[in-house]
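Structural features, examined
Now for the letters of each chain:
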Amino acid sequence: MNNHEISAFVNSADVRAYLQDIRYEFSTPQAAWLVYQCCRLTMKDRHRAWREVIRDMPDCAMEERLNLNRIDSYHAFLNSFIALEMRSVREFMTATDCIYCYEYHEPSQGRPFQDTGWYEADAFFSNYQACIDHYRQYYSGEDGIDKIRVHKHKLDPSGNPRAETLLLNQELEVLGIDMDYKTSSDLVTAQAFEGMCFDIPLPFRRGDILIDCKESGMPNCTPFVLSYISTWDSKKMLSSGFGRDDCPDRRGWKYFDKTRERLLKAGDITDWFPVGTAVVGGDLLGDHLSIAPTDLAYFRGSLEGAARQLQVFSQYEKGDADGEVLANCYFAIRVKEYAKDICQQCALPYTEEFVERIGLISSATPQTQLA
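Our subject in this report is the structure included herewith. (Residues numbered from 1 in each chain as written. Predicted model: local features only at pLDDT ≥ 70, side-chain atom pairs only at ≥ 80, totals over all residues. Heavy atoms only, no water.)

**Observations regarding the overall build of the chain**
- On a plain count of helices and strands, the chain comes out with 12 helices and 10 strands.
- Principal axes of the C-alpha set define a box for the chain whose edges measure 70 × 60 × 40 Å.
- Taking all 371 residues of the chain together, the buried fraction comes to 44%.
- Considering only contacts within the chain whose residues lie at least 6 apart along the sequence, 64% involve residues at least 24 apart.
- Split by element, the accessible area of the chain, about 20400 Å² in all, is 49% carbon and sulfur.
- Between the mean site of the 40 positive side-chain charges and the mean site of the 56 negative ones, the chain shows a separation of 5 Å. (Helix = DSSP H or I, 4+ residues; strand = E, 2+ residues; numbered from the N terminus. Buried < 20%, exposed > 50% of the residue type's maximum accessible area, 1.4 Å probe, protein only. Contact = heavy atoms within 4.5 Å. Areas by Shrake-Rupley, 256 points an atom, 1.4 Å probe, with all protein chains shown as cover. Lys, Arg positive; Asp, Glu negative; His and termini not counted. Charge placed at Lys NZ, Arg CZ, Asp CG, Glu CD.)

**Re the pattern of salt bridges**
- According to the stated counting rule, one finds 22 salt bridges in the structure shown.
- The salt bridge involving E164 is made with K152; its shortest N-O contact spans 2.6 Å. Of this pair, E164 sits in strand β4 (residues 164-169) while K152 sits in strand β3 (residues 147-154); the two residues are 12 residues apart in sequence, bridging distant segments of the chain.
- The buried category is assigned to E164, whose relative accessible area is 6%.
- Residue classification places K152 among the buried residues on the basis of a relative accessible area of 10%.
- The closest approach of N and O atoms between D212 and K214, which form a salt bridge, is 3.2 Å.
- The network of salt bridges with shared partners includes E63, R70 and D72. (Salt bridge = Lys/Arg side-chain N within 4 Å of Asp/Glu carboxyl O.)

**Details of the sheet that holds strand β6 (residues 209-212)**
- Taking strand neighbours across the sheet as the criterion, the five strands line up as β9-β8-β7-β6-β10 in an open arrangement whose pairing is antiparallel. The open sheet has two edge strands with one neighbour each: β9 (283-288) and β10 (296-298). Each adjacent strand pair in this sheet contributes to an overall mean axis angle of 45°, direction not counted.
- Bridging between strand β8 (residues 274-280) and β9 involves six bridges; their strand directions are antiparallel. In the strand pairing of β9, T277 is matched with G286. (Pairing = 2+ DSSP bridges. Axes fitted to C-alpha atoms, helices over the stretch in contact; angles between N-to-C directions.)

**Details of helix α10 (residues 309-317)**
- For α10, the complete set of buried residues consists of Q309, L310, V312, F313, S314 and E317.
- Positioned one or two residues after α10, G319 has a phi angle of 85°, which is positive.

**Description of the sheet that holds β4**
- Read across the sheet, five strands follow the order β2-β1-β3-β4-β5 without closing on themselves; strand pairing throughout is antiparallel. The sheet is open, and its two borders are formed by β2 (118-120) and β5 (174-178), each paired with just one other strand. Each adjacent strand pair in this sheet contributes to an overall mean axis angle of 25°, direction not counted.
- Alignment of strand β1 (residues 98-105) against β3, held across eight bridges, turns out to be antiparallel. Its bridge partner lying in β3, Y100 is registered against K152.
- Each of β1, β3 and β4 touches helix α6 (residues 128-138); the most contacted strand, β1, lies at about 30° to it.

**Observations concerning the nonpolar core**
- Counting residues in each nonpolar core, the largest one holds 56 residues, and the members touching the most others are Y74, F77, L78, F193 and M196.
- Taken together, the elements giving at least two residues each to this core come down to α2 (13-21), α3 (28-37), α4 (43-56), α5 (74-94), β7 (224-229), α9 (253-266) and β8.
- Discounting chain neighbours no more than four positions away, the residues touching M196 are M62, R65, L68, I71, Y74, F77, G267, D268 and I269.
- Core analysis: the second largest hydrophobic core is formed by 28 residues, V89, Y100, F125 and V174 among them. (Core = buried A, V, L, I, M, F, W, Y, C linked by side-chain atoms within 4.5 Å.)

**Re the pairing of β1**
- Counting buried positions along β1 gives seven out of eight residues, so the element sits mostly inside the fold.
- Bridge analysis of β1 against β2 gives three bridges, and the strand direction is antiparallel. The residue of β2 that forms the bridge with Y104 is Y119.

**Comments concerning the layout of surface pockets**
- Taken as a whole, the largest pocket holds about 1400 Å³ of empty space.
- What lines the largest pocket is a set of 43 residues, and nearest its centre among them are Q37, C38, C39, L167 and L175.
- Elements with a contribution of two residues or more to the lining of the largest pocket: α3, α4, α5, β3, β4, β5 and α7 (184-190).
- The leading source of residues in the lining of the largest pocket is β5, at four residues.
- Broken down by class, the residue content of the lining of the largest pocket amounts to 18 nonpolar, 11 polar and 14 charged. (1 Å grid on protein atoms, 1.4 Å probe; cavity = no way out; pocket = protein on both sides within 12 Å on 5 of 7 lines; lining within 4 Å. Points joined across faces, edges and corners; volume = space filled by probe spheres on them. Nonpolar A, V, L, I, M, F, W, Y, C, P; charged D, E, K, R; others polar.)

Listed below in structure tokens is the structure:
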């Protein structure tokens, strides 16, 4: 497996193209983690890719981290992970003294006001096969269904066991499994990828308007203005638009780099994140975002309503607009949006024809664009 083939597992097309352009050389753990993160793969596809990693890439160790036990042989770890998933799926499908139920998923498909998502099938089953047969009979082949989630509940449980879940695609191929592991060794193996943290190069700079690539094209996507990525060092920060006196750590760049070194040495996947600013409830909110940085993509849509503030903030972050421009543009955008909301609320009890006749709206203006 070469570097070009490994980069194909990156979810974001923008990150994928960048890594291919710079001919980035992946480590064995990075390659395996990208396979783990790839949302396009079935479990069978992931196992095939990991076996290729074992075949083509050098073995190595990983030191103990805060949420990861030491891995003496990464090849052995991948073989153990594959075996655990295969055994877990068999146990899920053949369990006794359980009840099964399922729900199916319909993506929005560009229909912003349609209530879509997960829908429960109002039925319970004594075995896995009966559950799947019911889905095939009533829902298989229906347009719009892209995923199925099967839940398994233990009958008369002792203690407080949680439900176990098998995720399938529309062809009923296994995508993933969430088990209530009974042994600590199985739990450690199952959670190992979540205990890793990497610094994979990204094409983004301070002030870029980005999105989670998995939300691209969805009507309720949330774009944000990037400030920085948590694994960037001071050199990367300065080359991405930060100034010498512009360090997020008030103690300075020396301490910023020390924090970053500790993160890469001991952190887990929750420590590798973008820091950015989004529009929430009409206001700007800056925070770290729960998105894997390799899932980031450039926002190529149009900013509407209060989200137009992001374009102004983007220019401010890039140094192309000062505080005066920022404050004045924010005020203008927010006042217009507040006025629109008030006008809509005032017109809500009346018919469109009536509010047009009294002059609140014109025939050329949709009611959603009341002025």
